[in-house]
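# Structure assessment
Chain by chain, the residues run as shown.
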There are 2 protein chains.
Amino acid sequence: MSERTIRNKVAVVGAGTIPFGELYDKSFEDMMSEAYLNCLESVDKGIDPKEIEACWYANADIVWQRHSTGAKVAETLGLTGIPITRVENACATGSDAFRNACFAVAAGLYDVALVVGCEKMLDTPGGLIGMVDLPASIEYPQPRFFNMFAVTMPSAFGLYGTRHMHVYGTERKHFAMVSVKSHHYGAKNPYSHFRREITVDDVLNAPIISWPLGLYDCCPITDGAAAVIVCKSDIAKKYTDSPVYVLGSGLASQPVCLNLRRDFTTMEPAVWAARQAYEMAGVGPEDIDFAELHDCFSCTELIQYEDLGFCKKGEAKTFVENQEMYIGGKTPCNISGGLKSHGHPIAATGVAQIVELFWQLRNEAPGKGRQVPNAEIGLQQNIGGAGPQVSCINVLANKKM
Amino acid sequence: MSERTIRNKVAVVGAGTIPFGELYDKSFEDMMSEAYLNCLESVDKGIDPKEIEACWYANADIVWQRHSTGAKVAETLGLTGIPITRVENACATGSDAFRNACFAVAAGLYDVALVVGCEKMLDTPGGLIGMVDLPASIEYPQPRFFNMFAVTMPSAFGLYGTRHMHVYGTERKHFAMVSVKSHHYGAKNPYSHFRREITVDDVLNAPIISWPLGLYDCCPITDGAAAVIVCKSDIAKKYTDSPVYVLGSGLASQPVCLNLRRDFTTMEPAVWAARQAYEMAGVGPEDIDFAELHDCFSCTELIQYEDLGFCKKGEAKTFVENQEMYIGGKTPCNISGGLKSHGHPIAATGVAQIVELFWQLRNEAPGKGRQVPNAEIGLQQNIGGAGPQVSCINVLANKKM
């Protein structure tokens, strides 16, 4: 095994989140505080906030609230004086912040660090519409390109959907089956934004947002927050008898411009990030017991089955038809409900995926019928950008490997 | 010495920047590319861009151009496929990005990493006015507080100036002397935004922006970019016979709200960050041969002389009167020209300070009469936020210590 790894060096000993949704009754600070307090309370043997030596803060500032900088965290969580670094990497913000916290702990700088992600998407001006259109109308060739040709989030990812359909014979019903699965589990998750099941017909008959993606192929706009505590593996048992260990991490980017992409049937940053993460973890896709994938759109998740190696290239439609992404299938995916049903508060999403891994790997997934039996290794993935510009992947396990 | 350190583990082997200024003729991508190419060329024994294994990208997105995410760097610098993390921490963005790159290298994850900072401040909508006013008019009690009481950047920092004057008898002329010193050296720096000297009378007679700060007490709005290459110390000699080593790093935040501050004669995050950095580096303020300080305003730099321990509390006025911050004085400060004369392109600033340290510590400061003789240890500092919300400090040396 390479020395160039954080494998087994870092453990997650606490994890908390809040029910995601349209949280008009909660401020940004409310959300962050609640997730943090839930995280503290989740530490089996207890933790004093004073033991937190550093913090990585995930916030994508998606609606320009300027909640950026560590000072917001210092003020809200009472963490004045410690190092607080804000990481932003579009929709991969949460998992990248987690990754950087792990690096610092692995480097020996800090024994205990907090990762907190928070994003207020509603009750604010602009939102995703603002993100795509407002700067685009102002400046620079590339955003203007997006705007001129109306390449919004659904249309950018939709290009990948249509290409996959064209090349591999994937049909809209296959994308629909992904959303149906996500709602099936999301309905059971007390932390989900949408807690109800949907049918393939619901998806196929919903209004088209950007072909081939209808309303139920698209994740919602969600408020949320999540937090986890990581520590040096050596001291993890001080906090819990059931720590979750970090095995590997990967991160990769490609150019923003869609015209520079080589292939619209694959999201290459995910392929590269997966390669890095698997290599560092010393595991392969066949070892992953379950995964939290970035299903900003149903076609994104479907293509990820292939990109992450859960099935062969072009065979995602069979993977879906055989329900291999359900509990009992080959690789249960988005048993949280995923972005589609659990929700997608940008920077909080990746951190919440870590929370879900923490729960699943400790056999304590909240809600009925949602626990993946005997889960030992879980993978968490984010994709970011209008079209896949970046992907970040972390692999965790319930024992050192 | 504690193991909780990056001391001597990481080296800077390349550093490049571009002349700062109002760069209407250069795009964001132009600036970033030029700094990167200059950085590559600065590596004495050469480097293949393929050797760069990861990148930390400093951009504060200060005018909402959405130049965020690693994808922008991947596209502009041709670094597709490698991990690229964007760090943002207000005006401390550049030095915090550097810090995180050092952590990953110290953890053994990467042998060679790039840190690039870039900020387009002009030729864009909003700028600093937008940053302070636009979100403030929209949302949330705290920004609204800033707006309601007209707490802009100069007025937030000006509060510290007036308080220091009241408590310690500091006068406006002392702040002025700081700006005069910065222009004295900045005039000699071919990379400076403003390359001309000014006098104390110029400063005192300039229009007041926010008492006690006049026009020449305030740093300008500047475009710029800078890049450095860090590597494992063990392999530094592969790239240069004169590497610069990282000794220590510190980062600290305090609450955003000014009403939660205890003392307006000191910028506490700087005190805390300095304590961390000195401890990790195993040096004290008396060992610092020169410093690049965050002089967003003249009073900020003056107060930093005390906060970082270059002189005792309340004695900065004497420190200034005795020209201790000049070459030949106790601790030469901002020999680059500082933010005031060299310029302040937010996220690029901290990275450019590292570039200046690299030059000074290798006895190759560009321009005449600007080299600090026999400089062995340098300190670089950023302060961020409207009023000091965060400070990040890195200490570098031209040999392992």
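For the structure itself, look to the data block above.
Criteria and cut-off values
- What you see as residue numbers is a count from 1 along each chain, following the sequence as written.
- Both sets of labels track the order of writing: A upward for chains, 1 upward for ligands.
- In view of the model being predicted, local features appear only for residues whose pLDDT reaches at least 70, and side-chain atom pairs are presented and counted only at 80 or more, with totals across whole chains, interfaces and linings using the full set of residues.
- The basis for the side-chain values is all heavy atoms of the structure; hydrogens and waters are excluded.
- Any residue with an atom within 4 Å of a point lines the site, the site being either a cavity, points on a 1 Å grid over the protein atoms alone where a 1.4 Å probe fits but cannot get out, or a pocket, an open set with protein on both sides within 12 Å along at least 5 of 7 lines.
- Grid points are joined across faces, edges and corners, and a volume is the space filled by probe spheres set on the points.
- What counts as a helix is a DSSP run of H or I of at least four residues, what counts as a strand is a run of E of at least two, and both are numbered from the N terminus.
- Residues are grouped as follows: Ala, Val, Leu, Ile, Met, Phe, Trp, Tyr, Cys and Pro are nonpolar; Asp, Glu, Lys and Arg are charged; every other residue, Gly included, is polar.
- Helix span, expected: 1.5 Å multiplied by one less than the number of residues in the helix.
- For every residue, the accessible area obtained with a 1.4 Å probe (protein chains only) is divided by the maximum for its type, and the residue is called buried under 20%, exposed over 50%, and partly exposed between those limits.
- A carboxyl oxygen of Asp or Glu within 4 Å of a side-chain nitrogen of Lys or Arg is what we treat as a salt bridge.
- Two cysteine sulfur atoms form a disulfide, by the criterion used here, when they sit within 2.5 Å.

## Quick notes on empty space enclosed by the protein
All names here are of chain B. This structure, assessed with the given rule, holds six cavities of 30 Å³ or more. Reported here for the second largest cavity is a volume of approximately 80 Å³. As for the second largest cavity, its lining consists of Phe20, Asn189, Glu292, Ser336, Gly338, Leu339, His342, Gly343, Thr349, Ala352, Gln353 and Glu356. Of all elements in the fold, only helix 12 (338–341) and helix 13 (346–361) reach the threshold of two or more residues within the lining of the second largest cavity. Here the element with the most residues in the lining of the second largest cavity is helix 13; it accounts for four residues. Of the residues assigned to the lining of the second largest cavity, the class counts are three nonpolar, seven polar and two charged.

## Quick notes on helix 6 (residues 153–168) of chain A
Residues and elements named next belong to chain A. Between its first and last C-alpha, helix 6 extends 23 Å over 16 residues, near the 22 Å set by a 1.5 Å rise per residue. Residues of helix 6 that are buried: Met153, Pro154, Ser155, Ala156, Phe157, Gly158, Tyr160, Gly161, His164 and Met165. The positive-phi residue at the C-terminal boundary of helix 6 is Gly169, with phi of around 70°.

## Focus: the pattern of salt bridges
Scanning the model with the defined rule gives 38 salt bridges over all chains in all. Among the salt bridges present, the one from Lys26(A) reaches Glu34(A), with a minimum N-O distance of 3.1 Å. The class of Lys26(A) is buried, set by a relative accessible area of 19%. The partner of Glu88(B) in a salt bridge is Arg86(A), with the nearest N and O atoms 2.6 Å apart.

## Quick word on the state of the cysteines
Each disulfide consists of one covalent bond between the sulfur atoms belonging to two cysteines. Throughout the structure, instances matching the rule amount to zero disulfides over all chains. Free of any disulfide, Cys118(A) has its nearest neighbouring cysteine sulfur in Cys55(A), separated by 12 Å. Residue Cys311(B) stays outside any disulfide, its sulfur separated by 9.4 Å from that of Cys333(B), the closest cysteine. By relative accessible area, Cys311(B) is classed as buried at 12%.

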